[in-house]
Structure formats: structure tokens, C-alpha cells
Amino acid sequence: MARMIGESQQVLAVHDPVSGSVIRLHFRVPTSEERVAYQVSAYRLEGGERRFCLGETRLRFGAEILVGFGAGDILLTENGCLTPLDPSRHPDWKAKLVEQAPDLVSYLAQQVFEGWRVVGRGEQEWG
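Residues numbered from 1 in each chain as written. Predicted model: local features only at pLDDT ≥ 70, side-chain atom pairs only at ≥ 80, totals over all residues. Heavy atoms only, no water.

> Break down the pattern of salt bridges for me, with residues and values.
By the definition in use, this model includes ten salt bridges. In this structure, the salt-bridge partner of E114 is R58, at a minimum N-O distance of 2.8 Å. With a gap of 56 residues between them, E114 in helix α4 (residues 102-114) and R58 in helix α2 (residues 54-65) connect regions that are remote in the sequence. The salt bridge partner of R89 is E78, with a shortest N-O separation of 3.0 Å. One end of the pair, R89, is in the loop between β7 (81-84) and α3 (93-100); the other, E78, is in strand β6 (residues 75-78), with eleven residues separating them in the sequence. (Salt bridge = Lys/Arg side-chain N within 4 Å of Asp/Glu carboxyl O. Helix = DSSP H or I, 4+ residues; strand = E, 2+ residues; numbered from the N terminus.)

> Quick one: what's the story with empty space enclosed by the protein, residue by residue and with numbers?
Applying the stated rule across the entire model yields one cavity of 30 Å³ or more. Roughly 40 Å³ of internal volume is contained in the largest cavity. Every residue lining the largest cavity is listed: L25, L66, I74, L97, A101, L104 and V105. Across the lining of the largest cavity, the residue classes tally to seven nonpolar, no polar and no charged. (1 Å grid on protein atoms, 1.4 Å probe; cavity = no way out; pocket = protein on both sides within 12 Å on 5 of 7 lines; lining within 4 Å. Points joined across faces, edges and corners; volume = space filled by probe spheres on them. Nonpolar A, V, L, I, M, F, W, Y, C, P; charged D, E, K, R; others polar.)

> Explain the layout of surface pockets to me, using residue names and the numbers behind them.
By volume, the second largest pocket is sized at about 360 Å³. Considering the residues around the second largest pocket, the lining is formed by 17 residues, among which I74, L75, L97, Q100 and A101 are closest to the centre. Counting only elements with at least two residues in the lining of the second largest pocket, the list comes to β6, α3 and α4. Here the lining of the second largest pocket gets four residues from one element, more than from any other, and that element is α3. Partitioning the lining of the second largest pocket into residue classes produces nine nonpolar, three polar and five charged.

> How would you explain the nonpolar core if you had to name every residue and give the values?
Core analysis: the largest hydrophobic core is formed by 25 residues, its most contacted members being L97 and L108. Elements with a contribution of two residues or more to this core: β1 (10-15), β2 (22-27), α2, β5 (66-69), α3 and α4. The element best represented in this core is α4, accounting for six residues. With near-sequence residues (within four places) excluded, L108 lies in contact with L12, L25, F27, G62, I65 and L66. (Core = buried A, V, L, I, M, F, W, Y, C linked by side-chain atoms within 4.5 Å. Buried < 20%, exposed > 50% of the residue type's maximum accessible area, 1.4 Å probe, protein only. Contact = heavy atoms within 4.5 Å.)

Treat this as a map of the structure, not an account of what it does.
As C-alpha cells, this is what we get:
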């Protein structure tokens, strides 16, 4: 499938190892400024020492570009029943994902900001 230039949202299908299902994460394409800020924030100076902060960076920037998910892809327990997490009913949906499923949010950032692959000479392109 071709990349759709100019689309405001993209979708990343993730095989979730926790549930064993495919979860569709909807995200906006980061700006050039966000891409630079992501790279710069992976390290921080503290007391004259460089501190590696990639985990925090992934979670923060993943949350910034995350705009939604597939209907019924995320469930939560409400009043003893499983209920689909719904942004229209749960205004804190993003905070819930950051707290309860930080692996998904971080993985989104990792793939969007770091996931480039280069097809070298002699390698087949991806199907």
C-alpha cells in the first residue's frame, strides 16, 4: 500500500503481546520540530552527566501524536463489566492508556520516530 501524503491521520496496526490481538493506533504525523525535539530529549544533562531518557521520551511523544484507536480495540473494567474505552465517553482516555498501557504508547513513538528501515542493495523490497 502506498503512503498517503496529506492525510491528517495515519494508523499503526500493532500485534499486542498482552492480549494477543491486533490493536490499531491512530496518530498524526509528527512535525519536523517534534522529530528534532524527540532526538534531543533522548538525553538530558543532570549534574554535568548525560542521562539516557529514551523511555520517558517515547512515552511523552507517543502520547502527543496519539489521536485515537480502533473501536473496541481497548477495553476497561467499569462497574465490574468490560466496556470499550471510548474517547467520547472517557475524556481521560489518553491518560488511561499512558498509565495502563504505556507499552503501546511507547511502541507507537518508537515506530513513528525511530522505525525507519532502509532496503540495501541486494535485498528485496518489502511486499
